[in-house]
Amino acid sequence: MAQPQPAKVSYFFGKGYSDLWNTIKESWSRNIHSAGDQFSLACEKGCFTMGGGMNLIAAISIFTFGSLITAFTTFAHIAVLFAFFAFIYMGFGLLWLIDRIYIMINKIKNACPNPDCQAPFLIPTYECPGCGEKHTNLVPSKYGILKRTCLCGTKLPTTFLNGRGQLKAYCPECDTALSGDTASRQYAFPVIGGPSVGKTCFINMAIDQMMSDVAPARSWEMSFISDTEEKDHALAMKSLNQGVRLMKTELNSLTAYQLMLKLPNEKIGRRIYVYDISGEMFSSSSDVQNNLAYSYANGFIFIIDPLTLNQFAMDVEDKVDLNAYGASSKDFEDILNIMLINLEKMFGLKDKDTLKRNLAVVINKVDIPTLEEKIGEIAAQQYLAENAETCKSYMDARDAVCRNFLEEYGAGNFVRTAEAKFKTVRYFTCSALGHNHEGQPYEGKNVVDPVMWLLQQADSSIKAE
């Protein structure tokens, strides 16, 4: 049953019917009353007198012909009003359909940023700017077609076409306040990885470089949706710029960094959600099941700490202080398996099914000695030169050397599982900090590439460069 709204019911969906009934009722009442008056006069004068007989004939005529005329006008009245009402109802239905088509064409979606909710939805709850009352189903309906009149008298737009997305909005599930334009596309990218792989540093560096470098170069408008997240990001970048590492993401924590992206000459904006998930949440399958963000994610960023590869760690242990690099304590192949178990449950997939999502695998900490030569820019350029006939781009070359590196150091099962389960897998390298010397400003390297690739896969309007 539809929830009653704090709004006035439209005339054509409420009072119009009562007015029609009252008009018909009044017409019949007058007809019968007039016939009754003539019959009373006939009785007073005597029905067989000249005057009384005339009144009796008048009473019979009024009752007979008046009823026929009243019936005809009643049906005509009903027909005209119902035709008009039908036109109004068709207009209401058509506008509702147009609004839904507009949502579908522009791929408008919303999701709750509250980590305890994460619910996806199309139409948020909207607040009346006049009195603060909340309207849970602000669409063309019996409360209004183009606009709805709140009980306080304020008119509210009922579609995204005429401004509904500009109203203050809330999650319809948990009532969390939503920031930004809700008439926008939504892209969600959870960042996956074990403890100490550098997820939080990666996310903050990637966001900072997107806003300071990528957006201006492409004439994009890019901003934080939430003032709180903007302040948190500013504090994080202040620490990183001072050479201070960030604190680990809290256990069982899921943080959504919300960005609004507006492309040149496009009316519909993009809400980009980048989810930072605590590595400890991948200790068991049950912990991950609570993350509804997985169900509507457009792609995943999977970060690997190369020091979790035992053979590689042994190869470099005499060259670096492994403790200083903070090697992750969780095997990334186990994390992938736990992740896939939950995705298969969420989407009802069978063992042989492929998830229709893209996966960006990012090997972090490429600043570790010898790693640049194995999978960094030098290695990718060399591979491209040696395989010019089969390898057509630097991205393909980087992808190949990363695959070969993982195969060489015993992570072949990870490679095969990832490529069997996801729509497309692309490998990247980065250094979320740029170096390992505390006290010196950190500067991420190649951190934007995975985010940009996933965005380009999700939205054809975001062209690769």
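See the structure printed just above.
Let us look at the structure shown here. Worth saying up front: this structure is predicted, and the values here are computed from it rather than measured.

### Some words on the overall build of the chain
Scanning the chain from terminus to terminus reveals 12 helices and 15 strands. Burial statistics for the chain: of 465 residues in total, 48% are counted as buried. In the chain, the proportion of contacts linking residues at least 24 apart, taken out of those at least 6 apart, comes to 71%. When the accessible surface of the chain is split by element, carbon and sulfur atoms take 56% of a total near 22900 Å².

### Notes on unusual backbone geometry
The backbone of Gln118 shows a phi angle near 65 degrees, a positive value even though the residue is not glycine. Mapped onto the fold, Gln118 is located in the loop between strand 1 (110-111) and strand 2 (120-121). One non-glycine residue, Lys365, lies in positive phi territory at about 60 degrees. Inspection of the secondary structure assignment puts Lys365 in the loop between strand 14 (355-363) and helix 8 (371-375).

### Topic: the nonpolar core
Counting residues in each nonpolar core, the largest one holds 46 residues, and the members touching the most others are Phe300, Phe302, Phe312, Phe405, Leu406, Phe414 and Phe422. Sorting elements by how many residues they give to this core places helix 7 (residues 332-347) first, with 6 residues. Sequence-distant contacts of Phe422, defined by excluding residues within four places in its chain, comprise Phe300, Leu336, Met339, Leu340, Leu343, Thr354, Leu355, Arg357, Asn358 and Leu359. With 41 residues, the next largest nonpolar core counts Tyr187, Met210, Phe224 and Leu454 among its residues.

### Some remarks on the packing of helix 10 (residues 394-408) against helix 11 (residues 412-421)
Contact geometry for helix 10 and helix 11: axes closest at 7 Å, N-to-C directions at 130 degrees. Viewed along their axes, helix 10 and helix 11 adopt a mutual orientation that is oblique. Across the interface between the two elements, Arg403, Leu406 and Glu407 from helix 10 touch Gly412, Phe414, Val415, Arg416 and Glu419 from helix 11. Taken together, the residues of the contact of helix 10 with helix 11 sort by class into 3 nonpolar, 1 polar and 4 charged.

### Digging into helix 10
Helix length check: helix 10 (15 residues) gives 21 Å between terminal C-alpha atoms against 21 Å at 1.5 Å per residue, within 8%. Among the residues of helix 10, Ala397, Arg398, Asp399, Ala400, Val401, Cys402, Phe405 and Leu406 are the ones counted as buried.

### Examining the packing of aromatic side chains
Under the criterion given, the structure shown has 9 aromatic pairs. Aromatic ring contacts, followed pair by pair, group Tyr294, Phe300 and Phe422 into a single cluster. One cation-aromatic arrangement involves Arg164 over Phe160; the distance from NZ or CZ to the ring centre is 4.0 Å.

### Regarding the packing of helix 9 (residues 377-386) against helix 10
Across the interface, helix 9 lies against helix 10 with an axial gap of 8 Å and an inter-helix angle of 110 degrees. On the basis of their axis angle, the class for helix 9 and helix 10 is roughly perpendicular. Contact with helix 9, carried on its side by Glu377, Ala379, Ala380, Gln381, Tyr383 and Leu384, involves Tyr394, Ala397, Arg398, Ala400, Val401 and Asn404 of helix 10 and no other residues of that element. When the residues that make up the contact of helix 9 with helix 10 are grouped by side-chain class, the tally is 8 nonpolar, 2 polar and 2 charged.

### Focus on helix 12 (residues 448-458)
Of all the 11 residues making up helix 12, 8 are buried; the element is thus mostly covered by neighbouring parts of the structure. Three or more residues of helix 12 are buried, namely Val448, Pro450, Val451, Met452, Trp453, Leu454, Leu455 and Gln456.

### Observations concerning the environment of Gly269
Here Gly269 is to be found in the loop between strand 11 (254-262) and strand 12 (270-277). Its relative accessible area of 1% is what places Gly269 among the buried residues. Taking the C-alpha atoms as reference points, Gly269 and Ile108, separated by 161 residues in sequence, lie 9.2 Å from one another. What Gly269 contacts, discounting residues up to four positions off in sequence, is Ser184, Arg185, Met260, Leu261 and Lys262.

The rules behind the values
- Residues numbered from 1 in each chain as written.
- Predicted model: local features only at pLDDT ≥ 70, side-chain atom pairs only at ≥ 80, totals over all residues.
- Heavy atoms only, no water.
- Helix = DSSP H or I, 4+ residues; strand = E, 2+ residues; numbered from the N terminus.
- Buried < 20%, exposed > 50% of the residue type's maximum accessible area, 1.4 Å probe, protein only.
- Contact = heavy atoms within 4.5 Å.
- Areas by Shrake-Rupley, 256 points an atom, 1.4 Å probe, with all protein chains shown as cover.
- Core = buried A, V, L, I, M, F, W, Y, C linked by side-chain atoms within 4.5 Å.
- Axes fitted to C-alpha atoms, helices over the stretch in contact; angles between N-to-C directions.
- Parallel < 35°, antiparallel > 145°, perpendicular 65-115°, else oblique.
- Nonpolar A, V, L, I, M, F, W, Y, C, P; charged D, E, K, R; others polar.
- Expected span 1.5 Å × (residues − 1).
- Phe/Tyr/Trp six-rings, centres within 6.5 Å; stacked < 30°, edge-to-face > 60°.
- Lys NZ or Arg CZ within 6 Å of the ring centre and 35° of its normal.

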